[in-house]
Amino acid sequence: MATIQKYLKIIANIFLVMISILLIISSYSSWKEQREFSRGEKRMAIAKIKVDSHHVKTYNFSENPYGVDASQSKFRNGDAVKIYFLKHKPYVVSENPYIVHSALEIIAPIIWSVILGTIPIYNILRKKE
């Protein structure tokens, strides 16, 4: 029984380390996309908000006929919205010409990564005592 608990703790520690690494990668990806959006060549378009039968809200505009996620938008179905998108990536869309990811979307994964990453470190240090 003790060996099973030992292996479960090892697996849990590995799982927490993997989650911490994935959170850092997620944060870096959001930061990189934000940086590219801030510095990149943007275009402006008028998009129409559409909500489908599954309650998925999307921006629909001529440069991207499939629609782009608009779940963060406060506008309602059928509203016309001024949006900004990268010229070479019409799926990166924002209603603000400077911000595509908020600071919280970039910093929160790092904070959670530190919190979750300290648990395996604590467990390893506790075993050595």
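Reading the values: the criteria
Numbering of residues begins from 1 in every chain and follows the order in which that chain's sequence is written. For a predicted model such as this one, the threshold for reporting local features is a pLDDT of at least 70, and the threshold for listing and counting side-chain atom pairs is 80 or more; totals across whole chains, interfaces and linings nevertheless cover every residue. As a convention, hydrogens and water are excluded, and side-chain values are obtained from all of the structure's heavy atoms. Strands are runs of DSSP state E lasting at least two residues, helices are runs of H or I lasting at least four, and both sets are numbered from the N terminus onward. In this setup the radius of gyration rests on C-alpha atoms only. A globule is expected at 2.2 Å times the number of residues raised to 0.38. Each residue gets one of three labels from its accessible area relative to the maximum for its type: buried under 20%, exposed over 50%, partly exposed in between, using a 1.4 Å probe on protein chains only. Two strands form a pair only when DSSP identifies at least two bridges running between them. In protein, a polar contact means a hydrogen-donor-capable atom and an acceptor-capable atom, both N or O and within 3.5 Å, with residues adjacent in sequence counting only if both atoms are side-chain atoms; elsewhere, any N or O pair within 3.5 Å suffices. Whether two residues are in contact is decided by their heavy atoms, any of which lying within 4.5 Å being enough. In what follows, salt bridge is the name for a side-chain nitrogen of Lys or Arg lying within 4 Å of a carboxyl oxygen of Asp or Glu.

Asker: Can you break down the overall build of the protein residue by residue, with the values?
Answerer: When you go through the protein residue by residue, the secondary structure sums to two helices and five strands. Its helices and strands taken in sequence order, the protein reads α-β-β-β-β-β-α from the N to the C terminus. At 21 Å, the protein has a C-alpha radius of gyration far larger than the 14 Å of a compact globule built from 129 residues. With respect to the principal axes defined by its C-alpha atoms, the protein has extents near 65 × 35 × 20 Å. Within the protein, the proportion of its 129 residues that are buried is 28%.

Asker: I'd love a proper account of the pairing of strand 3 (residues 64-69), names of residues and values included.
Answerer: The sheet contact formed by strand 2 (residues 57-61) and strand 3 spans three bridges and is antiparallel. Its bridge partner lying in strand 3, Thr58 is registered against Asp69. What sits between the antiparallel neighbours strand 2 and strand 3 is a turn of two residues.

Asker: Describe the side chain of Asn60, and please don't skip the residues or the numbers.
Answerer: Following the sequence through the fold, Asn60 ends up in strand 2. Within polar-contact distance, the side chain of Asn60 engages the side chain of Thr58 at 3.0 Å. Discounting chain neighbours no more than four positions away, the residues touching Asn60 are Ala47, Lys48, Lys50, Pro65, Tyr66 and Gly67.

Asker: I'd love a proper account of the side chain of Asn13, names of residues and values included.
Answerer: Examined against the element boundaries, Asn13 turns out to sit in helix 1 (residues 2-39). Residue Asn13 is classed as buried on the basis of its relative accessible area, which comes to 10%. A polar atom in the side chain of Asn13 sits 2.9 Å from the side chain of Asn123.

Asker: Give a description of unusual backbone geometry that names residues and reports values.
Answerer: Even without being glycine, His55 reaches a positive phi, approximately 65 degrees. His55 gets classed as exposed once you look at its relative accessible area, which sits at 70%.

Asker: I'd like a description of the pattern of salt bridges, backed by residues and values.
Answerer: Using the criterion set out here, one finds two salt bridges in the structure. A salt bridge links Glu36 to Lys89; its shortest N-O distance comes to 3.0 Å. One end of the pair, Glu36, is in helix 1; the other, Lys89, is in the loop between strand 4 (80-86) and strand 5 (93-94), and 53 residues separate them in sequence. Residue class for Lys89 comes out partly exposed when judged on its relative accessible area of 22%. Between Lys87 and Glu41 there is a salt bridge, with its nearest N and O atoms 3.7 Å apart. A residue pair is termed long-range when its members are at least 10 positions apart, and Lys87 in the loop between strand 4 and strand 5 and Glu41 in the loop between helix 1 and strand 1 (42-51) qualify at 46 residues. Residue classification places Lys87 among the partly exposed residues on the basis of a relative accessible area of 40%.

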